[in-house]
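# Overview (structure and organization)
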Amino acid sequence: MDEEKSLEALANILSELSEKPFDFSLHSKHVRLTKSESFKDMETEALSALEMFTNYFAAGDDVWLDLLDAKERSVNLNTVDGAQEVLALYERAEQDYLSIPILKRHMDFVLSRHALYANGELKPDELGELFSTDWTRLILNDIAKQAVGHLSQSCVLWDRMRDWELETLESAQEPERTILVEHVQALLLDRLGTPHSNSDDTLQAYSSFTTQYRSPNEYEDLLVTASTKKSKVAKAFDRRSAHETAVSRPGNALNAFAQYITYERKAKFPDMMVMTAVYERAIAEAAKRRFNEEPDAEGALRNFWTGYCDTLRLNSAGKESEFKVFQRAIRSVPACGELWARYIRCVERYTDPEHATEGRETISNLYNQAFSNPPLLSDVEQIVPIVLARAGFEKRLIDTGVSDEDTLPTLIGVLESGIEATRKASNEGDSRLRLEKYLAEIYRIADFNDAVIGVWQTATKHYKNSYLAWSNYTDALIKFDQLEEARKVFSDVCSKKLDWPEALWEAWISFEHLHGQVEQVDASLDQIENARQVVNARRVKEAREAMAAYTAQQYESQPISTAPNTTPDMQMDIDSVDSASTGRGTKRPAIEEPSIEEHDAQKKPKLENNPEPLKRDREHCTVFVADLPANATEEDLKELFKDCGVIREVKVTQLAGTVVATVEFLDRDAVPAALTRDKKRIHGQEIAVHLAWQSTLYVTNFPESADDAYIRDLFEKYGTIFDVRWPSKKFKSTRRFCYVQYTTPPAAQQALELHGRELEPERAINVFISNPERKKERTDQDAENRELYVAGLSKFTTKADLKNLFSTFGRVKDVRMGLDKDGKSKGFAFIEFEEESMAQKALSANNHELRNRHISVTVSDPRIKSKTRNANPETGFGRKAEIKNRSVRVKNLPPGTQEGLLQQALEKLAVVKRVEVFSDKNEAVIELENAAEAGKLLLRTEPVVFNGATLQFLEESQAKTSSGPETSGLFVPRTATSRPKAGIGHKRKVVQPIHNAPSESKGSANNAPEAPSSKGQDDFRKMLSGQ
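How each quantity is defined
Residues numbered from 1 in each chain as written. Predicted model: local features only at pLDDT ≥ 70, side-chain atom pairs only at ≥ 80, totals over all residues. Heavy atoms only, no water. Pairing = 2+ DSSP bridges. Helix = DSSP H or I, 4+ residues; strand = E, 2+ residues; numbered from the N terminus. Axes fitted to C-alpha atoms, helices over the stretch in contact; angles between N-to-C directions. Contact = heavy atoms within 4.5 Å. Buried < 20%, exposed > 50% of the residue type's maximum accessible area, 1.4 Å probe, protein only. Core = buried A, V, L, I, M, F, W, Y, C linked by side-chain atoms within 4.5 Å. Patch = residues over 30% accessible without salt bridge, like charges linked within 9 Å, V, L, I, M, F, W, Y side chains within 5 Å. Areas by Shrake-Rupley, 256 points an atom, 1.4 Å probe, with all protein chains shown as cover. Salt bridge = Lys/Arg side-chain N within 4 Å of Asp/Glu carboxyl O. Lys, Arg positive; Asp, Glu negative; His and termini not counted. Charge placed at Lys NZ, Arg CZ, Asp CG, Glu CD. Expected span 1.5 Å × (residues − 1). Phe/Tyr/Trp six-rings, centres within 6.5 Å; stacked < 30°, edge-to-face > 60°. Lys NZ or Arg CZ within 6 Å of the ring centre and 35° of its normal.

Further remarks concern the sheet that holds strand β3 (residues 658–665). The antiparallel open sheet is built from four strands, whose spatial order is β2-β3-β1-β6. At either end of the open sheet lies a strand with only one pairing partner, and these are β2 (647–655) and β6 (688–691). Going across the sheet, the axis of each strand differs from the next one's by a mean of 20 degrees, ignoring polarity. With respect to the sheet, helix α30 (residues 634–641) is in contact with β1 (622–628), β2, β3 and β6, its orientation differing from that of β2 by roughly 135 degrees.

This is the structure we're talking about:
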């Protein structure tokens, strides 16, 4: 981007910020723009963007470090004002998020200034105690305490402070030396009692300290005490080591922090120091990802803050601690209504009833501050919690008898303004009518009966299709004896398009049975029956449309076999006669008209639901050879196993500290003989031979975010891993399993202890020895037969409703519901069972009544296609062109590339749908989510290295032009070519050759000379037509 365009982009962002100053994404874009290469010489603009960001939002080290650097360079540190400005900025930076880089820089700044004056630099008198030894000690201790619960990184700060203390002690003179010895000993012992990652180093430092500064007679007793402390904290760290590894792994998912937090909260005696630090780390990581505009980071950040505040409350952290965290939280996510509501309740909780006036003022200020944030006012779900919190405070003042004459009007005003705000925020408003219910109840308590009816009458005008609004309206009319008005409302609304008409119908019938005449009961039932027929017809139509839309989406994920390129010799295949079975002059068999079912089947593309049979039986035909000498070669292994059977392939692999190999035979009968080579010697070294599957694990049900590094990290502690094999996801994107192969069977046996362990809440990992005889039990090929399609669901049906119903027929593996933007059912769902037999039993639930609706249950068929699948409504492109537009060809793949691993690597760069690798060419075709995601790969400037090879990305169309007309067969649908019509009344088309050159194939049917006595198809047609 040139300077002119950069300045124009900056002006546009500043203009948008003037209109939307609370828009986080605009501020982050502003910062990134001014930190780009185009603005490297415009420090003023960059600093302005950073300062503007920190004025509105909490910032991470990617913002604060630059500001701190600029501040240190711009002020005179030898003056009190200059030093205080820098120190105050450090304090502000540390208030936002926990940042080890900021804390370390703060510590380095203090130590450098102290060292400057301690080494002879004249210290200005006006600095006073600033940077003195005692002052420095206090500041270093405060800095280190901020990260003391960070088990992995607290050592960065604490070790730096320890080293400084030891240096100070070494140069100290009596009597200060004696005091410092006691201080350092207490410091080291306190550290040994705190969980941290390098407790061994701390114990060694304490041992050295004791040797140098304590009497030899005390050494043993002191070390025993210290070792006892250290062993306890080492165990505490070991219990959390798996979580520490998970959250420290580069590119970890935020749910790793969520799992860590869950582990800490479930403890019988929670360690608040560690738990608060985990929350701080999770919040800092989520904030960093939000700044980089990662999806779902904002939601995770809000959840971490609310969980943090709840944890402090539940563990009685105290008023000061809770208030401090709330103030930081609302600066971080000012548009989070749940946080503001919790803050208001926290203030109320710590407000003495005798000082209710002061509490009301504080809460009123918080309420007004929250409602001054435009992003919050655009989200109904953020408005409602704040209004309920404020209204609850006012109502409890009335309940406790400490209210005044303004309390009730204030309460009503808060609720009415809140209702108005929800309706302005969204046309749909609050579908649960939470504020309307609260206001109506307040009016009822205050005996304002007409006002109660007025609340619901107004609600029905805004929520015209809400059964909840209408039922509350009729309930209010009935409660206050306005029966005729209630009957009129029931009759008027009966035929309206409501979200749950059955509920209102039932209410009307009950009403008439209680208050109506027999004629009125019959009239209501007749009107309801008519309305029911209309509603059922509409629902059937909607269910069909929903099913068509879903099956079209399913179709997109199915591989479609590519039709062969049609040549001139093939186009007239329908008219050709098999000379081997039909002699010359024999009448051609009549062409039968296909049935409707056959005709439809011919029109459908062939779906490859059944995979081709395996060409190789690797699992039964392979032995694993371990403990090989370093100079072992493939020829050595072939020589050793040559008498066992025909060898298909030998692979020798150099691992860390060992050499292993796999030997695959053509026939499984060769394996028993190969196993007799166990304990034989190659180059004088004894080797080990065993069946490959005995050291291989089948692993499934791990977290969705788990990748190759995660699995290796989880299993490598049990032994040396030879390989991790991942399945291709090109046929089914939801596949989640892998094979972990060790170098020895004992390692695989030890790793079985992971089976059943919860790596995340309610998800236990499955680990089995990969016995090939059980392969059928592991397959997911019959998943379609285990899945049912359920239609006709009520809008208020939940996953729990479906699971409760279908669990009576067998084990339900998954429930997937079509949901609208409000999270309510679209009327259909898919139920997947563990076994096909269970799904068959569940078909008996067809026509079952669930939430006053009769549901339809059928076997799901993803092969059903939508009539509109071939065209993209947005681009107008056909499906083939649309897929090509978002596909990328990858060249220069390393040999033996796994599709699963390649997909994992590329998913870190763009949103990948499917991957297909062509091993013979060392190439792959990548189908991305959309053309923009494909552009991310094609326009990427940094090299992408995969297993040591630098990948090349090309547009799929370019790649095909350069490499010929060959297609992958994975993403491109079969070319639709109309076959020539045959039979009576259809004239045979003359097929022209593609090239003008004469055909060289003299033996073809087209070029063979025709006998004079033979009749052609044209002659036959003329005869029938009477010509």
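Residue placement: Ala 661 occurs in strand β3. On the accessibility criterion, Ala 661 (0% relative accessible area) is buried. For the pair Ala 661 and Ala 632, spaced 29 residues apart in sequence, the C-alpha to C-alpha distance is 9.5 Å.

This brings us to the sheet that holds strand β8 (residues 721–725). Ordered in space as β8-β9-β7-β12, the four strands form an open sheet in which the pairing is antiparallel. On the outer flanks of this sheet lie β8 and β12 (766–769), each paired with one strand and no other. The sheet shows a mean angle of 20 degrees between the axes of neighbouring strands, direction not considered. Where β8 lies against strand β9 (residues 737–742), four bridges are found, and the strand directions are antiparallel. Residue pairing across strands places Arg 725 opposite Tyr 739, the latter belonging to β9. On top of the sheet, helix α32 (residues 708–715) reaches β7 (696–700), β8, β9 and β12; it is set at about 140 degrees to β8, its chief contact.

Below, the discussion takes up the nonpolar core. Counting residues in hydrophobic clusters, the biggest one holds 100 residues, and the most contacted among them are Trp 305 and Trp 456. The contact partners of Trp 305, leaving out residues within four places of it in the chain, are Tyr 97, Ile 283, Val 325, Arg 328, Ala 329, Ser 332, Val 333 and Leu 339. In this structure, Trp 64, Ala 93, Tyr 206 and Tyr 213 belong to the second largest nonpolar core, which totals 58 residues.

Turning to a negative patch on the surface, a few remarks are in order. Where like charges cluster on the molecular surface, the negative patch consists of Glu 3, Glu 4, Glu 8 and Asp 41. If you trace the backbone, Asp 41 turns up in the loop between α2 (24–34) and α3 (43–56).

A word on helix α23 (residues 467–479). For α23, spanning 13 residues, the distance from its first C-alpha to its last is 18 Å, which sits close to the expected 18 Å at 1.5 Å a residue. Extensive coverage of α23 is indicated by the burial of 10 of its 13 residues. Turning to α23, its buried residues are Tyr 467, Leu 468, Ala 469, Trp 470, Ser 471, Asn 472, Tyr 473, Thr 474, Ala 476 and Leu 477. For α23, the secondary structure elements touched by its buried residues are α21 (434–445), α22 (449–462), α24 (483–493) and α25 (501–515). Phi turns positive, to about 65 degrees, at Asp 481, one or two residues after α23.

Another aspect to go through is the side chain of His 30. Structurally, His 30 can be placed in helix α2. On the basis of relative accessibility, which here comes to 2%, the residue His 30 falls in the buried class. With residues near it in sequence (within four places) discarded, His 30 still touches Leu 10, Ile 13, Leu 14, Leu 17, Ala 49 and Met 52.

Next up on the list: the packing of aromatic side chains. A complete count under the given rule lists 35 aromatic pairs for this structure. Relative to Trp 508, the ring of Phe 490 has its centre 6.2 Å away and its plane inclined at 5 degrees; by these criteria the two rings are stacked. Of the two residues, Phe 490 is situated in helix α24 and Trp 508 in helix α25; the sequence distance between them amounts to 18 residues. An identical accessibility class is assigned to Phe 490 and Trp 508; each is buried. Residue placement shows Arg 32 over the ring face of Phe 291; its charged tip is 5.7 Å from the ring centre. Directly above the ring of Phe 24 sits Arg 290, whose terminal nitrogen or CZ lies 3.8 Å from the centroid.

Per the stated rule, a full pass over the model turns up 59 salt bridges. Salt-bridge contacts for Asp 159 lead to Arg 162; the nearest nitrogen and oxygen are separated by 3.5 Å. Placement of the pair is Asp 159 and Arg 162 together in helix α8 (residues 154–171), with a separation of three residues, close to one helical turn. With relative accessibility at 12%, the residue Arg 162 sits in the buried group. As a salt-bridge pair, Arg 487 and Glu 512 come within 2.9 Å of each other at their nearest N and O atoms. Here Arg 487 is found in helix α24, whereas its partner Glu 512 is found in helix α25, with 25 residues between them in sequence.

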